[in-house]
Protein chains: 2
Amino acid sequence: MRADARRNYDRLLTEAGAAFAEKGTEASLEDIARSAGVGVGTLYRHFPTRQDLILAVLRDGFEAMATFARELDVDDPGLALRQWLLAQLRHITTTRGLTAELAVAINNPESPLWGSCEVIFSVGTELLGRAQKAGVVRADLTQADVSSVVQGIAWSCESDPVRQERLLDLFLEGVLL
Amino acid sequence: MRADARRNYDRLLTEAGAAFAEKGTEASLEDIARSAGVGVGTLYRHFPTRQDLILAVLRDGFEAMATFARELDVDDPGLALRQWLLAQLRHITTTRGLTAELAVAINNPESPLWGSCEVIFSVGTELLGRAQKAGVVRADLTQADVSSVVQGIAWSCESDPVRQERLLDLFLEGVLL
DNA sequence: GCATAAGCGGAGGCAGCCTCCGTATATTTA
DNA sequence: TAAATATACGGAGGCTGCCTCCGCTTATGC
């Protein structure tokens, strides 16, 4: 790879990382090219699709993550696992787009979307309350917890209902008394 | 509201529902207007933003969901809750966009994105394995389960790290021995 | 230094977003 | 029922972002 190509590649990666973190993964590619000081043609030659660019940015972050993971305390595997998961949460969150508005709305009465989530929320609360009264669900669980977990599972296994069910069961086994 | 306006509103809602289910929430609004047999101007008058349209479609579905929930077996609250959550998963999944490519990739060796997820996956497997060997995590848990749950939590509480942590702990309490 | 392979960049065609306003139609009034 | 009025319609047009294509530039090897 020619020296100038390498330089442009690196600049694009840096700028893309900043842009995605700030504006989400839908940030304008022309803007990214501009702030890297190259033409769009150059961007597209290095990263034929947006996906490719996102992926390259993620890969960068992944390496740092892996390093972090290898340095975690070996003597306390439970704690280490937890720290690892937390770090991942943080990383995913900074690179993820903004599609979560609805997921936020369902737990936030201030949101303009709240009104139409209310029915669902109250019905869910009712069912949860009943299950708790019957003593089959731990009492400290809130409807907000439940809806977030459900949203999350739905999203993360969008095209695999079998996995969705498995994860839901995993969650419930910790929740059912 | 004038009769023709009502008619167009309903048509738009129907077509939008179909389009979002088929192509995700990024479906072209001009296409939706066209298939509803109205001009884009009409679409934008009724639904000033894409968000408004998505919301209206969801609201439609929510009503059916609430009806379903009210009919669930009162004598078995645990089962009723589970059925309710499953129905929600299904509903969310059909209306959600397609941003889940990465979430899928991390559990799918066939995906073109798999390569760069591999490091993360193997490091995670390592940490999980250690925790399991130490007897602090149940043995039947897989790395695929963990990464899906983490992705899901990250997404569903994107802008609220406190909630993220709480949900993670909820999950772990069911998982830790 | 020269040849040439490698890389650059931005014009241009296309698609989707959203606004604006002249036209059309439902509803009200007399 | 016909005029008056309020309400709603539609699509042209301006704009932004996507992606391709190809003539020009520059690094590299001899």
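Residues numbered from 1 in each chain as written. Chains lettered and ligands numbered in written order. Predicted model: local features only at pLDDT ≥ 70, side-chain atom pairs only at ≥ 80, totals over all residues. Heavy atoms only, no water.

> Explain the overall build of chain A to me, please; I cannot follow it from the model alone.
If you tally the helices and strands in chain A, you get nine helices and zero strands. In sequence order, chain A lays out its α and β elements as α-α-α-α-α-α-α-α-α. The buried share of chain A, taken over its 177 residues, is 52%. In chain A, the proportion of contacts linking residues at least 24 apart, taken out of those at least 6 apart, comes to 47%. Here chain A displays about 8500 Å² of accessible surface, and carbon together with sulfur accounts for 54% of that area. (Helix = DSSP H or I, 4+ residues; strand = E, 2+ residues; numbered from the N terminus. Buried < 20%, exposed > 50% of the residue type's maximum accessible area, 1.4 Å probe, protein only. Contact = heavy atoms within 4.5 Å. Areas by Shrake-Rupley, 256 points an atom, 1.4 Å probe, with all protein chains shown as cover.)

> Can you help me understand the nonpolar core in this one?
As a rule of thumb, soluble globular proteins bury nonpolar side chains together. Counting 28 residues, the largest nonpolar core has A:Leu141, A:Leu167, A:Phe171, B:Leu141, B:Leu167 and B:Phe171 as the members making the most contacts within it. In this view, A:Leu167 contacts A:Ile153, A:Cys157, B:Asp145, B:Ser148 and B:Val149; residues no more than four positions away in its chain are not counted. Counting residues in each nonpolar core, the second largest holds 19 residues, with A:Phe20, A:Val38, A:Leu53 and A:Leu58 among its members. (Core = buried A, V, L, I, M, F, W, Y, C linked by side-chain atoms within 4.5 Å.)

> Just to check I follow, could you spell out the pattern of salt bridges for this structure?
Side-chain pairing between opposite charges can occur once the charged atoms of the two side chains come close. In total, this model carries twelve salt bridges over all chains according to the counting rule given. Across the salt bridge formed by A:Asp145 and B:Arg163, the nearest N and O atoms sit 3.9 Å from each other. One end of the pair, A:Asp145, is in helix α8 (residues 143-156); the other, B:Arg163, is in helix α9 (residues 161-175), on a second chain. Like A:Asp145, the residue B:Arg163 is buried in the burial classification. A salt bridge links A:Asp145 to B:Arg166, with the nearest nitrogen and oxygen atoms 2.3 Å apart. With A:Asp145 in helix α8 and B:Arg166 in helix α9, this residue pair bridges two chains. Taking the relative accessible area as the measure of exposure, A:Asp145 reaches 0% and is therefore buried. Judged by its relative accessible area of 33%, B:Arg166 is partly exposed. Each of A:Asp145, B:Arg163 and B:Arg166 takes part in salt bridges that share partners, so that together they form one network. (Salt bridge = Lys/Arg side-chain N within 4 Å of Asp/Glu carboxyl O.)

> What exactly am I supposed to notice about the protein's contact with DNA strand D here?
For DNA strand D, the set of nearby residues contains 23 residues, the closest of which are A:Tyr44, A:Arg50, B:Arg2, B:Asn8 and B:Arg45. The separation between a phosphate oxygen of DNA strand D and a polar main-chain atom of A:Ala3 is 3.3 Å. Between DNA strand D and B:Gly41 there is a distance of 3.4 Å, counted from a base oxygen to a backbone nitrogen or oxygen. Looking at the surface near DNA strand D, the elements with two or more residues in it are α1 (3-23), α2 (29-35) and α3 (40-46) of chain A together with α1 (3-23) and α3 (40-46) of chain B. By residue number, the principal contributor to the surface near DNA strand D is α3(B), which donates five residues. (Near = heavy atom within 4 Å. Polar contact = N/O pair within 3.5 Å; in protein donor to acceptor, adjacent residues only side chain to side chain.)

> Got a minute to help me understand the domain arrangement of chain A in this structure?
The accessible area lost on association of the parts is a frequent measure of interface size. All names here are of chain A. Domain boundaries assigned for chain A yield domain 1 (1-48) and domain 2 (50-175). The interface is formed by 15 residues belonging to domain 1 together with twelve residues belonging to domain 2. Here domain 1 and domain 2 share an interface that buries about 1100 Å² over both sides, 70% of which is from carbon and sulfur atoms. When residues of domain 1 are sorted by the area they lose upon contact with domain 2, Leu-13, Phe-20 and Thr-25 head the list and together hold 42% of the total. Where domain 1 touches domain 2, the interface holds zero salt bridges. At the junction of domain 1 and domain 2, the tally comes to two residue pairs in polar contact (both at pLDDT 80 or more). Mapped onto the side of domain 1 that touches domain 2, the elements with two or more residues apiece are α1 and α2. No other element matches the seven residues that α1 contributes to the side of domain 1 that touches domain 2. (Domains from an automatic or database assignment. Buried area = accessible area lost by both parts, 1.4 Å probe.)

> Please explain the packing of aromatic side chains as it appears in this structure.
Residues and elements named next belong to chain A. This model, assessed by the stated rule, comprises two aromatic pairs over all chains. Geometrically, the ring pair formed by Tyr-9 and Phe-47 is tilted, given 5.0 Å between the ring centres and 35° between the ring planes. Taken together, the residues Tyr-9 in helix α1 and Phe-47 in the loop between α3 and α4 (50-70) connect sequence positions 38 residues apart. You can call Phe-47 buried: its relative accessible area is 3%. (Phe/Tyr/Trp six-rings, centres within 6.5 Å; stacked < 30°, edge-to-face > 60°.)

> Looking at this structure, I do not really get the protein's contact with DNA strand C. What am I missing?
As a structural note, the neighbourhood of DNA strand C is formed by 20 residues, with A:Arg2, A:Asn8, A:Arg45, B:Tyr44 and B:Arg50 the closest of them. The sugar-phosphate share of atoms of DNA strand C within 4 Å of the protein amounts to 59%. Side-chain polar atom of B:Arg2 to a base oxygen of DNA strand C: 3.2 Å apart, as the coordinates give it. Secondary-structure elements contributing two or more residues to the surface near DNA strand C are α1 and α3 of chain A together with α1, α2 (29-35) and α3 of chain B. No other element matches the five residues that α3(A) contributes to the surface near DNA strand C.

> Even after reading the chapter, I still don't get the packing of α8(A) against helix α8 (residues 143-156) of chain B, so can you show me in this structure?
Two quantities define a packed helix pair, namely the angle between the axes and the distance from one axis to the other. Where α8(A) contacts α8(B), the axes come no closer than 7 Å and their chain directions differ by 120°. Remark: the crossing between α8(A) and α8(B) carries right-handed chirality. Side by side, α8(A) and α8(B) meet where A:Ser148, A:Gln151, A:Gly152, A:Ile153, A:Trp155 and A:Ser156 of the first sit next to B:Ser148, B:Gln151, B:Gly152, B:Ile153, B:Trp155 and B:Ser156 of the second. Taken together, the residues of the contact of α8(A) with α8(B) break down into four nonpolar, eight polar and no charged. (Axes fitted to C-alpha atoms, helices over the stretch in contact; angles between N-to-C directions. Left-handed = near helix turned anticlockwise from the far one by under 90°. Nonpolar A, V, L, I, M, F, W, Y, C, P; charged D, E, K, R; others polar.)

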